[in-house]
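# Structural overview
Each chain, written out:
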Amino acid sequence: MERLDKFLCGAGAGTRSQVKQMLKEGRVTVNGVPEKDGGRKIDPETAVIALDGQPLGGMRRAVVMLNKPAGFVTATQDDTQPTVMDLLPPEWRHLDLKPVGRLDKDTEGLLLFTNDGDLLHRLISPRKAVQKVYYARHEGQAGPEDVEVFERGLVLGDGTQCLSALLEPLGPGESCVTVCEGKYHQVRRMLASRGMPVSYLERRQEGSLTLGDLPRGQARELTPEEIRMLEEA
Ligand code: URA
């Protein structure tokens, strides 16, 4: 349940003072009935909130960045395990956000969400080649031969052909890997196939977006400028 005035602000109806005025003027309805009390508790999942007769909620386009901690599965719902949705503030629930691609339960770092289906498909399509940069800690040390194999397009143990990827050895047991696709456990399997099983994985960049100073476990909305950059990536 959420306060009606908070819902209206979150849905982009206006600032807090504008929303107060709208309510006072009787322009807001809840399930078709005019409502002037901004403190009224509503369930954004089920209530139909309208401003001047136009339904709100789930309408505003939103793109969100989460700094995912380990221990959360990338799914909108799971019966037994905590999901990445549990990390988003409840006031965004009505936005109907979906994760863009997936990070494994134990992978940390940058995970995007959006309610814009076109943008979601564009971002996960290997043909659009949005680059994702991962930092990995692993056994062994990556060498020039590994770099070459990644660049040529590695074939995984089960015969899966990967697109060309950039492997940058950082030192013993540490590398950066840049890929433009998102096959199941891809980076872990790529490094393991070269004898370097991964003990820690973090996504640090997607297109031109980085985590910046966003703390682990926190989420924020992207600015219009950041969304534009993503669309052009
Ligand atoms: N590759 C992986 O192996 N795991 C992830 O979570 C993301 C990319």
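Since the model is a prediction, treat every value here as computed from it, not as a measurement. (Residues numbered from 1 in each chain as written. Predicted model: local features only at pLDDT ≥ 70, side-chain atom pairs only at ≥ 80, totals over all residues. Heavy atoms only, no water.)

### Notes on helix α4 (residues 144-152)
- Those residues of α4 that fall on the buried side of the exposure criterion are D146, V149 and F150. Within α4, the buried residues cover an arc of 100° as seen down the axis, which keeps them to one side. Among the exposed residues of α4, those oriented more than 90 degrees off its buried face are P144, E145, E151 and R152.
- Considering only its buried residues, α4 is in contact with β11 (166-171), β12 (174-179) and α5 (186-193).
- Looking one or two residues beyond α4, the residue adopting positive phi is G153, at roughly 110°. (Buried < 20%, exposed > 50% of the residue type's maximum accessible area, 1.4 Å probe, protein only. Helix = DSSP H or I, 4+ residues; strand = E, 2+ residues; numbered from the N terminus. Arc of directions from axis to C-beta. Contact = heavy atoms within 4.5 Å.)

### Looking at the site of the ligand
- Around the ligand, a shell composed of L103, D104, T107, Y134, H185, Q186, V187, R188 and L201 is seen.
- Take H185: an N or O atom from its main chain is 3.2 Å from an oxygen atom of the ligand.
- R188 has a polar backbone atom sitting 2.9 Å from an oxygen atom of the ligand.
- Alone, the ligand offers 240 Å² of accessible surface; in the complex the protein occludes 95% of this.
- With three residues, α5 is the largest single contributor of residues to the shell around the ligand.
- A breakdown of the residues in the shell around the ligand according to their chemical character gives four nonpolar, three polar and two charged.
- Per-domain counts for the shell around the ligand show at least three residues from each of domain 2 (62-125 + 211-233) and domain 3 (131-206). (Near = heavy atom within 4 Å. Polar contact = N/O pair within 3.5 Å; in protein donor to acceptor, adjacent residues only side chain to side chain. Areas by Shrake-Rupley, 256 points an atom, 1.4 Å probe, with all protein chains shown as cover. Nonpolar A, V, L, I, M, F, W, Y, C, P; charged D, E, K, R; others polar. Domains from an automatic or database assignment.)

### Considerations on the domain arrangement of the chain
- The domains assigned to the chain are domain 1 (2-55), domain 2 (62-125 + 211-233) and domain 3 (131-206).
- Here domain 2 and domain 3 share an interface that buries about 1,100 Å² over both sides, 39% of which is from carbon and sulfur atoms.
- Among the residues domain 2 hides against domain 3, the three largest losses belong to D104, E108 and L110. Together they make up 38% of the total.
- Summed over the shared surface of domain 2 and domain 3, the result is two salt bridges.
- As a salt-bridge pair, D104 and R188 come within 3.0 Å of each other at their nearest N and O atoms.
- Where domain 2 meets domain 3, there are nine residue pairs in polar contact (both at pLDDT 80 or more). (Buried area = accessible area lost by both parts, 1.4 Å probe. Salt bridge = Lys/Arg side-chain N within 4 Å of Asp/Glu carboxyl O.)

### Considering the pairing of strand β10 (residues 132-138)
- Where burial is concerned, most of β10 is hidden: six out of the seven residues are buried.
- Two elements, β10 and β12, share six bridges in a ladder whose sense is antiparallel. By the bridge assignment, A136 is partnered in β12 with S175.
- As paired elements, β10 and strand β13 (residues 198-206) share seven bridges and run antiparallel to each other. Within β13, the residue paired with R137 across the bridge is Y200. (Pairing = 2+ DSSP bridges.)

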